[in-house]
Amino acid sequence: MSVKAPKGVRLVITLTGRRNAGKSSLINAICGEEIAIVSEMPGTTTDPVARHHELLPLGPVTFYDTAGLDDEGALGELRIQAARKVLFRTDVAVVVAGEEGITDYEKEIIAELRRMEITFLVALNKRDLRDDTGADIRWCAEEGIRVLAVSANGGDGVRELKEALIAMAPGEFREEPLLVRDLVNEGDWVVCVVPIDLAAPKGRLILPQVMVLRDILDADAVGLVVKEREVEETLSNMGKKPALVITDSQAVLKVAADVPEDVPFTTFSTLMARYKGDLEALVEGADMLDKLTDGDTILMGEACSHHEVADDIGRVKIPRWITQYTGLDLNFEFYSGNDFPEDLEKYALAVHCGGCMLNRTAMLRRVRECRRRGVPITNYGVAISKVQGLLDRVIRPFGLAGE
Ligand SMILES: Nc1nc2c(ncn2[C@@H]2O[C@H](COP(=O)(O)OP(=O)(O)O)[C@@H](O)[C@H]2O)c(=O)[nH]1
Ligand SMILES: [Mg+2]
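For clarity, every value in this text was computed on a predicted model and none was experimentally measured.

1. Brief notes about the pattern of salt bridges
This model, assessed by the stated rule, comprises 28 salt bridges. The partner of Arg 393 in a salt bridge is Glu 261, with the nearest N and O atoms 3.7 Å apart. One end of the pair, Arg 393, is in helix 14 (residues 391-395); the other, Glu 261, is in the loop between helix 8 (252-258) and strand 10 (265-267), with 132 residues separating them in the sequence. The buried category is assigned to Arg 393, whose relative accessible area is 8%. Overlapping salt bridges, with partners in common, bring together Arg 89, Glu 345, Glu 369 and Arg 373 in one network.

2. Quick word on the site of ligand 1
Around ligand 1, a shell composed of 19 residues is seen, among which Asn 20, Lys 23, Ser 24, Ser 25 and Asp 128 lie nearest. Measuring from an oxygen atom of ligand 1, one finds a backbone N or O atom of Gly 22 at 2.9 Å. At 2.9 Å, a side-chain N or O of Ser 24 approaches an oxygen atom of ligand 1. Protein burial of ligand 1: of its 580 Å² of free accessible surface, 89% is covered by the chains. Among the elements that take part in the shell around ligand 1, helix 1 (residues 23-31) stands out by supplying three residues, more than any other.

3. Some remarks on the sheet that holds strand 10
Across the sheet, four strands lie side by side as 8-7-9-10; this open sheet has parallel pairing. The open sheet has two edge strands, strand 8 (222-226) and strand 10, and neither has a second partner. Averaged over all pairs of adjacent strands, the angle between strand axes in this sheet comes to 25 degrees, irrespective of strand direction. Here three bridges tie strand 9 (residues 244-247) to strand 10, and the two strands are oriented parallel to one another. By the bridge assignment for strand 10, Thr 247 is matched with Thr 267. In the packing of helix 9 (residues 268-276) onto the sheet, contacts are made with strand 7 (189-193), strand 9 and strand 10, and the angle to strand 10 comes to roughly 70 degrees.

4. Quick look at the pairing of strand 5 (residues 119-124)
The element strand 5 is extensively covered by neighbouring structure, given that five of its six residues are classed as buried. Pairing geometry for strand 4 (residues 92-97) and strand 5, over six bridges, is parallel. The residue bridging Val 96 from the neighbouring strand is Ala 123, located in strand 5. Handedness of the crossover joining strand 4 and strand 5 through helix 3 (residues 104-115): right-handed. Pairing of strand 5 with strand 6 (residues 147-149), which is carried by three bridges, proceeds in the parallel orientation. By the bridge assignment for strand 6, Leu 124 is matched with Ala 149. The β-α-β motif built from strand 5, the intervening helix 4 (residues 134-143) and the parallel element strand 6 has right-handed crossover chirality.

5. Some remarks on the confidence of the model for the protein
Of all residues in the protein, 89% have pLDDT values of 70 or greater, and the mean over the chain is 88. The low-confidence segment residues 1-8, where pLDDT is below 50, has 13 contacts with residues more than four positions distant or belonging to other chains.

6. Notes on the packing of helix 6 (residues 207-218) against helix 9
The N-to-C vectors of helix 6 and helix 9 enclose an angle of 80 degrees; their axes lie 10 Å apart at closest approach. Between helix 6 and helix 9, the angle falls in the class roughly perpendicular. For the pair helix 6 and helix 9, the contacting residues are Pro 208, Gln 209, Met 211 and Val 212 in the first and Phe 268, Leu 271, Met 272 and Tyr 275 in the second.

7. Considering the environment of Asp 343
Position of Asp 343 relative to the elements: it lies in the loop between strand 12 (331-336) and strand 13 (349-352). When its relative accessible area of 38% is taken as the criterion, Asp 343 is described as partly exposed. Separated by 30 residues in the primary sequence, Asp 343 and Arg 373 place their C-alpha atoms 10.0 Å from one another.

8. Focus: the side chain of Thr 90
For Thr 90, the location among the structural elements is in the loop between helix 2 (73-88) and strand 4. A relative accessible area of 1% means that Thr 90 is categorised as buried. In this structure the side chain of Thr 90 is engaged in a polar contact, spanning 2.8 Å, whose partner is the backbone oxygen of Val 86. The contacts of Thr 90, once residues within four sequence positions are left out, are Val 12, Thr 14, Ile 118 and Arg 372.

9. Some words on helix 1
Counting buried positions along helix 1 gives eight out of nine residues, so the element sits mostly inside the fold. Of the residues making up helix 1, those classed as buried are Lys 23, Ser 24, Ser 25, Leu 26, Ile 27, Asn 28, Ile 30 and Cys 31. Here the buried face of helix 1 lies against strand 1 (11-17), strand 2 (49-55), strand 3 (59-65), strand 4, strand 5 and helix 5 (158-168). In the stretch just after helix 1, Gly 32 is the one whose phi turns positive, near 80 degrees.

10. Overview of the sheet that holds strand 12
Across the sheet, four strands lie side by side as 12-11-13-14; this open sheet has parallel pairing. Looking at strand neighbours, the two that pair on one side only are strand 12 and strand 14 (377-379), the edges of this open sheet. This sheet shows a mean twist of 25 degrees between the axes of neighbouring strands, independent of strand direction. Judged from the six bridges that link them, strand 11 (residues 297-302) and strand 12 form a sheet pairing that is parallel. Paired with Gly 301 across the strands is Tyr 335, a residue of strand 12. Across the face of the sheet, helix 13 (residues 380-387) comes into contact with strand 11, strand 13 and strand 14 while running at roughly 85 degrees to strand 14.

11. Details of the pairing of strand 4
Counting buried residues in strand 4 gives six out of six residues, a clear majority hidden from the surface. Alternating positions in strand 4 separate into two faces, Val 92, Val 94 and Val 96 on one and Ala 93, Val 95 and Ala 97 on the other, with burial throughout. As judged from the five bridges shared by strand 1 and strand 4, these two strands associate in the parallel manner. Residue pairing for strand 4: Leu 15 is matched across the bridge by Val 94.

So, how was this worked out
Residues numbered from 1 in each chain as written. Chains lettered and ligands numbered in written order. Predicted model: local features only at pLDDT ≥ 70, side-chain atom pairs only at ≥ 80, totals over all residues. Heavy atoms only, no water. Salt bridge = Lys/Arg side-chain N within 4 Å of Asp/Glu carboxyl O. Helix = DSSP H or I, 4+ residues; strand = E, 2+ residues; numbered from the N terminus. Buried < 20%, exposed > 50% of the residue type's maximum accessible area, 1.4 Å probe, protein only. Near = heavy atom within 4 Å. Polar contact = N/O pair within 3.5 Å; in protein donor to acceptor, adjacent residues only side chain to side chain. Areas by Shrake-Rupley, 256 points an atom, 1.4 Å probe, with all protein chains shown as cover. Pairing = 2+ DSSP bridges. Axes fitted to C-alpha atoms, helices over the stretch in contact; angles between N-to-C directions. Contact = heavy atoms within 4.5 Å. Right-handed = clockwise from strand over helix to strand, strands pointing away. pLDDT = per-residue confidence, 0-100. Parallel < 35°, antiparallel > 145°, perpendicular 65-115°, else oblique.

Right, dumping it as structure tokens:
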């Protein structure tokens, strides 16, 4: 597999369906060359085959052809596992139906995609060999499923398929993520609280702080930067109510006490959680902290392996705080790196790092994978606010419920 663009920025489109339905042929038709293996013999494509392509105007895409989920025997079981793994990371799926049209087999795949909350459409392929696609099209309409009749060989409908795939790409492939700009108006004052303690790097601010300040300026608002000791005095001398107070999580308890309840209040890590991922999903995941039971295992996940420091936030502090918060006997397991553990399903909750080394697409993919596998996921920042009893307050500016 030759991946040139950084991992995670490619849109992943997976073609799934019966063997011989024409998945590889459709990928070829979309990409416009004969490279994927097309076969007269069912089941030639064993592992999910990846094919990279520049799908304009969207950008780089990886197509997977997953050989179907109907395999029998020992090798078949491996193929099904491999296919499921691809689906966990899929952004858009295409259910390819062949001459037989939509049968129970395709309906089963559709049910699975719906269960995993994967965006998909149905491509009725080999339209040149079929007299009547009407019944299938009606069934899809009744089910509220997007459907297109295509012919990989003749190229009929392939352009429409391409356009539909681009339109179905998740928002993060088309839109700039929001940091703080939508929360402030021109002329607003925003107070940013930056503790300068031993943990602060020498001679500079950290990236989330710099990004937030830049976004405040881009909104034509005024950013005031203070240490936690000056919050109370700054607020009383401002002569104007700030539109927002943003604090570093380390100082959140002290600052929360100094900021009046009617002033919108949040943390840099909450802003970053939304910027990098799906804040709503992460808040929902944090609910699990109230539902854990003795003996549950929590996965503490990091995107990169950094040098572990004494009193490390992910390895020491958060597990300690969660244990204190729940009063339960919990197990914590740690992992760092690219893939989630194979046995992800055994965890009651995943607590992921903020993902400073991941781009948004990659982080969202992790959030979705956890949800597809039925494991609630939250992140360090949201979990910290939760165990400090401040989650409801720091998510209020985003209009998220939680009261
Ligand atoms: N007539 C016709 N044959 C097709 C079409 N699409 C694929 N085929 C043929 O169906 C067979 C299986 O195609 P393939 O792409 O390997 O299917 P896959 O197993 O789903 O990847 C090949 O012989 C293709 O040439 C089509 O639209 N019309
Ligand atoms: Mg194939």
